[in-house]
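# Close look at the chain arrangement
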Amino acid sequence: LDARNRAEAQRCQTAIRTAAAAGSILFQRASAELDQRSLPTIQALAKAANECPAMRIEIEGHTDAEGTAERNKGLSERRAQSVLARLKAAGVGDGRMQAFGFGAEKPVAPNDTPDNRARNRRIEFNVRAQ
């Protein structure tokens, strides 16, 4: 990748992560169904994604460590796919997006308190040049 493509990917990633951090992506408990309160965030994410049409967007689903690893991996994959579907419905080309589920494999906090488990239940975005 040349420096211009790397810089564009970084700019786009910053815009998408800023949009995600400014809002929230919430799901019904133990479900991949997006909570309606997430829709403004999805719209902001779609706007940011469409401002960098040459970039590929990876959507990562993560869970806390409650429950079995197999169930958490499946749930995280379904949640990432749910976000992808909503972004597609908001006008982002699905050929540019890919969803991944990591279950509890990549925690950002120990799974020792309700607050920390909530921090581990998240969707993250990575941007790559195509």
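Residues numbered from 1 in each chain as written. Predicted model: local features only at pLDDT ≥ 70, side-chain atom pairs only at ≥ 80, totals over all residues. Heavy atoms only, no water.

Positionally, Arg-96 belongs in the loop between α3 (69–89) and β2 (97–101). For Arg-96, which is buried and forms no salt bridge, the nearest opposite charge comes from Glu-8, at a distance of 8.2 Å. For Arg-96, the side chain forms a polar contact with the main-chain oxygen of Cys-52, separated by 2.9 Å. In contact with Arg-96, not counting residues within four places along its chain, are Ala-49, Asn-50, Cys-52, Pro-53, Met-55, Arg-56, Ile-57 and Gln-130. (Helix = DSSP H or I, 4+ residues; strand = E, 2+ residues; numbered from the N terminus. Buried < 20%, exposed > 50% of the residue type's maximum accessible area, 1.4 Å probe, protein only. Lys, Arg positive; Asp, Glu negative; His and termini not counted. Salt bridge = Lys/Arg side-chain N within 4 Å of Asp/Glu carboxyl O. Polar contact = N/O pair within 3.5 Å; in protein donor to acceptor, adjacent residues only side chain to side chain. Contact = heavy atoms within 4.5 Å.)

Glancing now at the pattern of salt bridges. Inspection of the entire model under this criterion finds 11 salt bridges. Put simply, Arg-11 and Glu-8 hold a salt bridge, and the shortest N to O gap is 2.8 Å. With Arg-11 and Glu-8 both in helix α1 (residues 3–22) and three residues apart, this pair spans about one turn of that helix. The closest approach of N and O atoms between Glu-124 and Arg-122, which form a salt bridge, is 2.8 Å. A relative accessible area of 14% means that Arg-122 is categorised as buried.

Glancing now at the nonpolar core. Grouped together as the largest cluster of nonpolar side chains are 28 residues, with contacts concentrated most on Ile-16, Leu-45, Ile-59, Val-83, Leu-87 and Phe-125. Looking at this core, the elements that each hand over two or more residues are α1, α2 (39–50), β1 (55–62), α3, β2 and β3 (122–129). Aside from chain neighbours lying at most four places away, what touches Ile-16 is Leu-45, Ala-48, Ala-49, Ile-57, Phe-125 and Val-127. (Core = buried A, V, L, I, M, F, W, Y, C linked by side-chain atoms within 4.5 Å.)

Once that is clear, we can look at the confidence of the model for the protein chain. Per-residue confidence for the protein chain averages 95 on the pLDDT scale, and 99% of its residues sit at or above 70. No element of the protein chain has a lower mean pLDDT than α1, which averages 94, and none a higher one than β2, which averages 98. (pLDDT = per-residue confidence, 0-100.)

With 21 residues, α3 should reach 30 Å at 1.5 Å per residue; the first-to-last C-alpha distance of 30 Å fits that figure. Those residues of α3 not exposed but buried are Asn-72, Gly-74, Leu-75, Ser-76, Arg-79, Ala-80, Ser-82, Val-83, Leu-84 and Leu-87. In the core, the buried residues of α3 are packed alongside α2, β1, β2 and β3. Gly-91 sits one or two residues past α3 and shows a positive phi near 105°. (Expected span 1.5 Å × (residues − 1).)

The subject of this paragraph is the environment of Asn-5. As for its position among the elements, Asn-5 is in helix α1. In sequence terms Asn-5 and Ala-129 are 124 residues apart; their C-alpha atoms lie 6.2 Å from each other. Those residues in contact with Asn-5 that lie beyond four places of it in its chain are Met-55 and Ala-129.

This part is about the state of the cysteines. Under the criterion given, the structure shown has one disulfide. Cys-12 shares a disulfide with Cys-52; S-S distance 1.9 Å. A residue pair is termed long-range when its members are at least 10 positions apart, and Cys-12 in helix α1 and Cys-52 in the loop between α2 and β1 qualify at 40 residues. Cys-12 sits in the buried class, given a relative accessible area of 0%. (Disulfide = S-S within 2.5 Å.)

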